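# Topology and contacts: notes
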Amino acid sequence: MTNLQKRILTSIVILPLSLFLINMGGIFLLFFLFIVFSIANYELFLSFKNKFTILFLDTVLSFSLYSIYYLSEGDLFSFYFLIWIIIVAVCSDIGGYTFGNIFKWKKLTKISPNKTVSGVFGSFLFSLVSVF
């Protein structure tokens, strides 16, 4: 199975599940966010050795997950704003992956060696398009 196939399969499962749980809200969403936090935390400990870096990224992650919960429990505008943020993130990921694979420009970082300058451009462009 190729990387693209894995990404598509994962998206087919996780995106509708995420939207469903965001819509359900309450304890269902909290449980889902706890699972996301646990998996992301595991990845952080595998990727980084510096405790300050892990603490900083955990703080950002906690704030992000709290924001998801807060926006989902707010009024209708907050809910639609959250859905729009998710759409921007999905478009950004698709744009970065597509442009990065097609153009294969200079590598960007050692932390994630498959990130390229063309991927950053594609990510920005697709995110911008999602606004309209």
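Now for a description of the structure that goes with this document. (Residues numbered from 1 in each chain as written. Predicted model: local features only at pLDDT ≥ 70, side-chain atom pairs only at ≥ 80, totals over all residues. Heavy atoms only, no water.)

## Examining the packing of aromatic side chains
We count it as follows: Two rings from Phe, Tyr or Trp (for Trp, the six-membered ring) form a pair when their centres are within 6.5 Å of each other. A pair whose planes differ by under 30 degrees is stacked, one over 60 is edge-to-face, and the rest are tilted.
Using the criterion set out here, one finds seven aromatic pairs in the structure. By way of ring pairs, the aromatic residues Phe99, Phe103, Phe121 and Phe126 are connected into one cluster.

## Examining helix H3 (residues 51-72)
Here is the rule: Numbered from the N terminus, helices here are DSSP runs of H or I no shorter than four residues, and strands are runs of E no shorter than two. One less than the number of residues in a helix, times 1.5 Å, gives the span that helix is expected to have. It only takes one pair of heavy atoms within 4.5 Å for two residues to be counted as in contact. Pairs of N or O atoms within 3.5 Å make up the polar contacts considered here, provided that, within protein, one atom can donate a hydrogen while the other can accept it, and that residues adjacent in sequence are counted only when both atoms are side-chain atoms.
Helix length check: H3, at 22 residues, gives a terminal C-alpha distance of 31 Å against a target of 32 Å (1.5 Å per residue), a fit within 8%. Elements in contact with the buried residues of H3: helix H1 (3-24), helix H2 (26-47) and helix H4 (76-103). Backbone nitrogen of Phe52 and a side-chain oxygen of the N-cap are separated by 2.9 Å at the start of H3; the cap is Asn50.

## Looking at the nonpolar core
Spelled out, the test is: In plain words, nonpolar cores are sets of buried Ala, Val, Leu, Ile, Met, Phe, Trp, Tyr and Cys residues tied together by side-chain atoms within 4.5 Å. Burial classification: accessible surface area is computed with a 1.4 Å probe over protein chains only, and a residue below 20% of its type maximum counts as buried, one above 50% as exposed, and the rest as partly exposed.
Listed in full, the 11 residues of the largest apolar core are Leu21, Ile22, Leu29, Phe32, Leu33, Leu61, Leu65, Leu71, Phe79, Leu82 and Ile86. Ignoring any residue separated from it by four or fewer positions in sequence, one finds Leu21 in contact with Phe28, Leu29 and Phe32.

## As for the packing of H1 against H2
What counts is decided by this rule: A fitted line through C-alpha atoms represents every axis, and for helices the fit uses only the stretch in contact; the resulting angles, taken between N-to-C directions, go from 0 to 180 degrees. Any angle from 65 to 115 degrees is called roughly perpendicular, while one under 35 is roughly parallel, one over 145 is roughly antiparallel, and all others are oblique. Classes in brief: Ala, Val, Leu, Ile, Met, Phe, Trp, Tyr, Cys and Pro nonpolar; Asp, Glu, Lys and Arg charged; the others, Gly included, polar.
Across the interface, H1 lies against H2 with an axial gap of 6 Å and an inter-helix angle of 135°. Accordingly, the angle class assigned to the pair H1 and H2 is oblique. Residues Leu17, Ser18, Leu21, Ile22 and Met24 of H1 lie in contact with H2, whose contacting residues are Gly26, Phe28, Leu29 and Phe32. A breakdown of the residues in the contact of H1 with H2 according to their chemical character gives seven nonpolar, two polar and no charged.

## Quick look at the environment of Leu33
On the secondary structure map, Leu33 appears in helix H2. Separated by 29 residues in the primary sequence, Leu33 and Leu4 place their C-alpha atoms 25 Å from one another. Look past the residues within four positions of Leu33 in its chain and what remains in contact with it is Leu65, Ile68 and Tyr69.

## Brief notes about H2
Here H2 contains 22 residues, and its C-alpha end-to-end distance of 31 Å stays within 8% of the 32 Å for a straight helix at 1.5 Å per residue. Residues of H2 that are buried include every one of Leu29, Phe32, Leu33, Asn41 and Leu44, and no others. Residues of H2 that are buried make contact with H1 and H3.

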